[in-house]
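# Remarks on the overall topology
The lines below spell out each chain.
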Amino acid sequence: MDTTLFTKKSIIGVVIVEPALTPPISHTQTTFTKKTKIGTGKSKTKKRDIPEGLWTKCPTCETMIFDKELDENLKVCSKCGHHFPIGSRERIHSLVETCTFEEMDASMTSVDMLGFKGASTYKSKLEAYKKNTTLKDAVVTGLCKIGEHRAALGVMDFNFLGGSMGSVVGEKLTRLIERGTEKELPVIIISTSGGARMYEGMFSLMQMAKTSAALAYHARSHLPYISILTHPTTAGVMASYATLGDLILAEPGAMIGFAGPRVIKDTTQAELPPGFQTAEFLLDHGLIDAIVSRKEMKTQLIAYLNFLTAGKKIATA
Ligand SMILES: [Zn+2]
């Protein structure tokens, strides 16, 4: 039995060490002498020399992937194509032209207006997530260039409080959409979210109406909005701006829905069809327009923007 330790990254970026199969042998435990196999002495030492946090196990094909390789491949398993979560900054980097991203409202932070106290306070949660993720909240917004197109881009980050939509997420996205309308730019929002932020109660629910209204004004100016759904996109976000796209794209295998499958199953008392709430299922049922892999996303976005802005180009020519 191997006692190598594998590290697991939690959503808040804290590295948790857990034993792969059996806990490490302590001196108090009974130990068995292992027969030495030819050539194992060297590899055993080598295994122990591997620093923690260098490998990630693919949950789909169970391959151990070298972290550096995973980063270079935009966090996509090169063997089976499983899409691992990716941070907002890395995603922006993978999509926009170098040095063209002008971030908006970078210093906007949430406040604990309800004085929320649970197992821990909202204030302490915000502090911890800010420290661990180096983000200020769950979305990064800004103007950028993708190919030849100027665009208003908002990218959510699941690492910050499960990508929950509080006042800051709603306000930053609303300002982004309004800037897009003002500058006559297409808006692109990449969502990943557990829904509205419970620590902000009604204030977070109000963001659904606010972002949707801003998008209505944007649409009234005949400007395109592309919504990209990534794993997972659920609840309040799904019920507002995420599903309002002129074009709705999704990453392969993404879990997309409003309520969780268990809640739906308990409420309806019906068996859910296989693949329920996956991007593939929703493509088949017409909710989303296309499934685009992360590595193809930039090329596809440029193609869609070419198409969606062609009429405007003709009009202004
Ligand atoms: Zn895999």
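To start, this report covers the structure provided alongside it. (Residues numbered from 1 in each chain as written. Predicted model: local features only at pLDDT ≥ 70, side-chain atom pairs only at ≥ 80, totals over all residues. Heavy atoms only, no water.)

What follows deals with the overall build of the chain. A tally of regular secondary structure across the chain gives 10 helices and 11 strands. The buried share of the chain, taken over its 317 residues, is 39%. The long-range share in the chain, meaning contacts at least 24 apart out of those at least 6 apart in sequence, stands at 65%. (Helix = DSSP H or I, 4+ residues; strand = E, 2+ residues; numbered from the N terminus. Buried < 20%, exposed > 50% of the residue type's maximum accessible area, 1.4 Å probe, protein only. Contact = heavy atoms within 4.5 Å.)

Before going further, it helps to examine the sheet that holds strand β9 (residues 225–233). With mixed pairing, the seven strands of this open sheet are ordered in space as β5-β6-β7-β8-β9-β10-β11. Whereas interior strands pair on both sides, the edge strands pair on one side only; in this sheet they are β5 (102–104) and β11 (290–291). Across four bridges, the pairing between strand β7 (residues 149–156) and strand β8 (residues 187–193) is parallel. The residue bridging A152 from the neighbouring strand is V187, located in β8. Helix α3 (residues 88–95) contacts β5, β6 (139–146), β7, β8 and β9 of the sheet and is inclined by roughly 160 degrees relative to β7. Packed onto the sheet, helix α5 (residues 167–182) meets β5, β6, β7 and β8 and runs at close to 25 degrees relative to β6. (Pairing = 2+ DSSP bridges. Axes fitted to C-alpha atoms, helices over the stretch in contact; angles between N-to-C directions.)

Of all seven residues making up β8, seven are buried, and the element is well covered by its neighbours. Burial of β8 is two-sided: the residues V187, I189, S191 and S193 facing one way and the residues I188, I190 and T192 facing the other way are all buried. Note that β8 and β9 share six bridges and pair parallel. Note that in β9 the partner of S193 across the bridge is T233. Of the crossover connections in this fold, the one passing from β8 over helix α6 (residues 201–220) to the parallel β9 is right-handed. (Right-handed = clockwise from strand over helix to strand, strands pointing away.)

For β7, the tally of buried residues reaches seven of eight residues, placing the bulk of the element in the interior. Relative to β7, β6 is paired through eight bridges, and the arrangement is antiparallel. Within β7, the residue paired with I146 across the bridge is H149. In sequence, β6 turns back onto β7 through a hairpin of two residues, with G147 there showing a positive phi of about 65 degrees. Note on the crossover from β7 through α5 to β8: the handedness is right-handed.

The next thing to look at is the coordination of the zinc ion. In the first shell of the zinc ion, the protein supplies C58 (SG), C61 (SG), C77 (SG) and C80 (SG), at 2.2 to 2.3 Å from the metal. Taken together, the four donor atoms coordinating the zinc ion and their angles of 106 to 114 degrees define a geometry best described as tetrahedral. Along the chain, the residues donating to the zinc ion are arranged with the sequence spacing C-x2-C-x15-C-x2-C. Separated by 19 residues along the polypeptide, C61 in the loop between β3 (55–57) and β4 (64–66) and C80 in the loop between α2 (67–72) and α3 bring together distant segments of the chain. On the basis of relative accessibility, which here comes to 36%, the residue C80 falls in the partly exposed class. (Donors = N, O, S within 2.8 Å, 3.2 Å for Na, K, Ca; no water. Tetrahedral: all angles 85-135°; square planar, octahedral: opposite > 155°, others 65-115°.)

Turning our attention to the nonpolar core. Core analysis: the largest hydrophobic core is formed by 58 residues, its most contacted members being I188, I226, Y241, L249 and L301. L249 has contacts with I226, S227, I228, L229, A290, V292, M297, L301 and Y304, leaving out every residue within four places of it along the chain. By size, the runner-up hydrophobic cluster in this structure holds five residues, among which are C58, I65, L70 and F84. (Core = buried A, V, L, I, M, F, W, Y, C linked by side-chain atoms within 4.5 Å.)

This part takes up the packing of aromatic side chains. Applying the stated criterion across every chain yields a total of five aromatic pairs. Centre to centre, the rings of W55 and F66 are 5.3 Å apart; their planes meet at 45 degrees, and the pair counts as tilted. On the criterion of sequence distance, the pair formed by W55 in strand β3 and F66 in strand β4 is long-range, its members being 11 residues apart. Between F276 and F281 the ring centres are 5.8 Å apart and the planes differ by 75 degrees, which places this aromatic pair in the edge-to-face class. Classification of F276 as partly exposed rests on a relative accessible area of 25%. Judged by its relative accessible area of 16%, F281 is buried. Of the aromatic side chains, those joined through ring pairs into one cluster are F116, Y122 and Y199. (Phe/Tyr/Trp six-rings, centres within 6.5 Å; stacked < 30°, edge-to-face > 60°.)

The next thing to look at is the environment of T133. One can find T133 in helix α4 (residues 122–133). With relative accessibility at 14%, the residue T133 sits in the buried group. Once the C-alpha coordinates of T133 and D157 are considered, the two residues, 24 residues apart in sequence, prove to be 9.6 Å apart. At 2.5 Å, the side chain of T133 forms a polar contact with the backbone oxygen of Y129. (Polar contact = N/O pair within 3.5 Å; in protein donor to acceptor, adjacent residues only side chain to side chain.)

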